[in-house]
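# Residue-level structure breakdown
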Amino acid sequence: MLLDMRDLFSIFDYFLILSAKSSRQLDSLVQAIKDELIEEKVKPIGIEGDGEAGWVLMDYGSVVIHIFTEGLRDYYCIERLFKDAPSLEVEGIG
């Protein structure tokens, strides 16, 4: 889920929320995102959490990425906190 936060927050523009089926898949997603963005010469401001914890937050400034294992995403339902943010379609996902 990609949320447009530009009209709600001034600290970042977009919030991407992803789910992983397992902690191993979560770690793989994190590494794939890091690798792809490094190729584009984009470095994170910070990364918190890991697959063992069941969540990772990746701060890239104007884009914040939060990845949960499916169980934790269902439990926290973080998108509910940002229900006023428009959800955007992402080509190739879904």
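To keep things clear, this report deals only with the structure shown in the data block.

About the cut-offs
- Per-chain numbering applies: the sequence of each chain, read as written, is numbered from 1 onward.
- Owing to the predicted nature of the model, reporting of local features is limited to residues with pLDDT of at least 70; listing and counting of side-chain atom pairs is limited to 80 or more, with chain, interface and lining totals taken over all residues.
- The basis for every side-chain value is the complete set of heavy atoms in the structure, and neither hydrogens nor water enter the calculation.
- By the criteria applied, helices consist of DSSP H or I runs no shorter than four residues and strands consist of E runs no shorter than two, each listed in order from the N terminus.
- Note on exposure labels: buried denotes an accessible area under 20% of the residue type's maximum, exposed denotes more than 50%, and partly exposed covers the range between, all computed with a 1.4 Å probe on protein chains only.
- Note on contacts: a residue pair qualifies if any of its non-hydrogen atoms lie within 4.5 Å across the two residues.
- Residues enter a patch when their relative accessible area is above 30% and they make no salt bridge; the linking distance is 9 Å between like charges and 5 Å between nonpolar side chains (Val, Leu, Ile, Met, Phe, Trp, Tyr).
- Values of accessible area rely on a 1.4 Å probe in the Shrake-Rupley scheme; residue burial ignores everything except the protein chains shown.
- Just to be clear on terms, a salt bridge is a Lys or Arg side-chain nitrogen sitting within 4 Å of an Asp or Glu carboxyl oxygen.
- When charges are counted, Lys and Arg contribute as positive and Asp and Glu as negative, whereas His and the chain ends are disregarded.
- To locate a charge, take atom NZ for lysine, CZ for arginine, CG for aspartate or CD for glutamate.
- Note on ring pairs: Phe, Tyr and Trp rings are taken, using the six-membered ring of Trp, and paired if centres are within 6.5 Å. Classes follow the plane angle, with under 30 degrees stacked, over 60 edge-to-face and the rest tilted.
- Here, any two strands with at least 2 DSSP bridges between them count as paired.

### Some details on the side chain of histidine 66
In this structure, histidine 66 sits in strand S5 (residues 63–69). A relative accessible area of 10% means that histidine 66 is categorised as buried. Residues within four places of histidine 66 in sequence aside, it is in contact with Phe15, Leu16, Ile17, Leu18, Trp55, Val56, Leu57 and Ile78.

### Considerations on a negative patch on the surface
Residues Asp35, Glu36, Glu39 and Glu40 make up a contiguous surface patch of negative charge. By the secondary structure assignment, glutamate 39 is in helix H1 (residues 23–39).

### Points about the packing of aromatic side chains
What the rule picks out here adds up to six aromatic pairs. Relative to phenylalanine 12, the ring of phenylalanine 9 lies with its centre 5.7 Å away and its plane at 10°, an arrangement referred to as stacked. Judged by its relative accessible area of 10%, phenylalanine 12 is buried. A connected cluster of aromatic rings, assembled from ring pairs, spans Phe9, Phe12, Phe15 and Phe82.

### Description of the pairing of S5
Of all seven residues in S5, six are buried; the element is thus mostly enclosed. In this structure, strand S2 (residues 14–20) lies alongside S5, joined through seven bridges in parallel fashion. Bridging from a neighbouring strand, isoleucine 17 pairs with histidine 66 of S5. Pairing between strand S4 (residues 55–59) and S5: five bridges, direction antiparallel. Among the inter-strand pairings, leucine 57 is bridged to a residue of S5, identified as histidine 66. Linking S4 to S5, which pair antiparallel, is a turn of three residues; within it glycine 61 sits at a positive phi near 85°.

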